[in-house]
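Coordinate inspection notes
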Amino acid sequence: MKRQFLSFVFIFFFNLTHSQKLEFDFLSSSLDESVLKDIQYIKPHFLGNKVARKVKLIDLAYKWEDPPTAMRNTPLIKIEKQPIYFALRKVISPRFYKNKIKSQNLSKEEAIDEIIEILDIALMIRYQDTNELEGMLRGVDNGDNVIEIFKNNIELIYF
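Criteria and cut-off values
- Residues numbered from 1 in each chain as written.
- Predicted model: local features only at pLDDT ≥ 70, side-chain atom pairs only at ≥ 80, totals over all residues.
- Heavy atoms only, no water.
- 1 Å grid on protein atoms, 1.4 Å probe; cavity = no way out; pocket = protein on both sides within 12 Å on 5 of 7 lines; lining within 4 Å.
- Points joined across faces, edges and corners; volume = space filled by probe spheres on them.
- Helix = DSSP H or I, 4+ residues; strand = E, 2+ residues; numbered from the N terminus.
- Nonpolar A, V, L, I, M, F, W, Y, C, P; charged D, E, K, R; others polar.
- Phe/Tyr/Trp six-rings, centres within 6.5 Å; stacked < 30°, edge-to-face > 60°.
- Lys NZ or Arg CZ within 6 Å of the ring centre and 35° of its normal.
- pLDDT = per-residue confidence, 0-100.
- Contact = heavy atoms within 4.5 Å.
- Buried < 20%, exposed > 50% of the residue type's maximum accessible area, 1.4 Å probe, protein only.
- Arc of directions from axis to C-beta.

Here we take up the layout of surface pockets. Approximately 270 Å³ is the volume attributed to the largest pocket. Every residue along the wall of the largest pocket is listed here: Y41, I42, K43, P44, H45, A52, V55, K56, D59, R89, I92 and P94. In terms of residue count, the dominant contributor to the lining of the largest pocket is helix α2 (residues 49-62) (four residues). For the lining of the largest pocket, the residue count by class is seven nonpolar, one polar and four charged. Of the volumes computed, that of the second largest pocket is approximately 150 Å³. Along its surface, the second largest pocket is lined by S29, S30, D32, V35, L57, L60, A61, L123, R126 and Y127. Per-class residue counts for the lining of the second largest pocket are six nonpolar, two polar and two charged.

Shown next as structure tokens:
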């Protein structure tokens, strides 16, 4: 009886915490691609140039180089908000969408729309409080779960 009660309480709180949507501000300025005009090389993506540009924006937003110091000869790559960045890397991987398109679960156009939506959200939330989202993404093991979290658990507030 005690075990059933505890499992009921656990399921109740689990559903309560996962049914809430995380709210973030819609920031159209985060989607500005004018910083890419000075970039010489943007790594191509199999879903096209538009996705490749968004991936580069993600790299510019979440990664930077700490220059060499007297104690260290090489630059150090720093990644801010690592759970978000590494979760996005699972989705950005060409292998992820190639498999989905091959198995006829998704058309190429739908895949492009889906990945751009997710990357846009990631760009907009970059400078907002994302501790709860990072906690959700820490235990994610595949790209499908990342997509589900970004599509179902995040709500953008337009003001």
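Time to look at the packing of aromatic side chains. Applying the stated criterion across every chain yields a total of four aromatic pairs. Arranged with centres 5.5 Å apart and planes meeting at 75 degrees, the rings of Y85 and F86 form a pair that is edge-to-face. When the ring centre of F46 is taken as origin, the NZ or CZ atom of K98, which lies over that ring, is 5.3 Å away.

Here the focus is the confidence of the model for the chain. Parts of the prediction with low pLDDT should not have their coordinates interpreted in detail. With 88% of its residues at a pLDDT of 70 or more, the chain has an overall mean of 86. Segment residues 6-10: pLDDT under 50, and zero contacts once partners within four positions in sequence are set aside and those in other chains are kept.

Here D120 lies in helix α5 (residues 108-124). Non-local contacts of D120, meaning those with residues more than four positions away in its chain, are made with L31 and K54.

Within helix α6 (residues 131-138), the full set of buried residues consists of L133, E134, M136 and L137. One face of α6 carries all of its buried residues, which in axial projection span an arc of 160 degrees. For α6, the exposed residues lying more than 90 degrees away from the buried face are N131 and R138.

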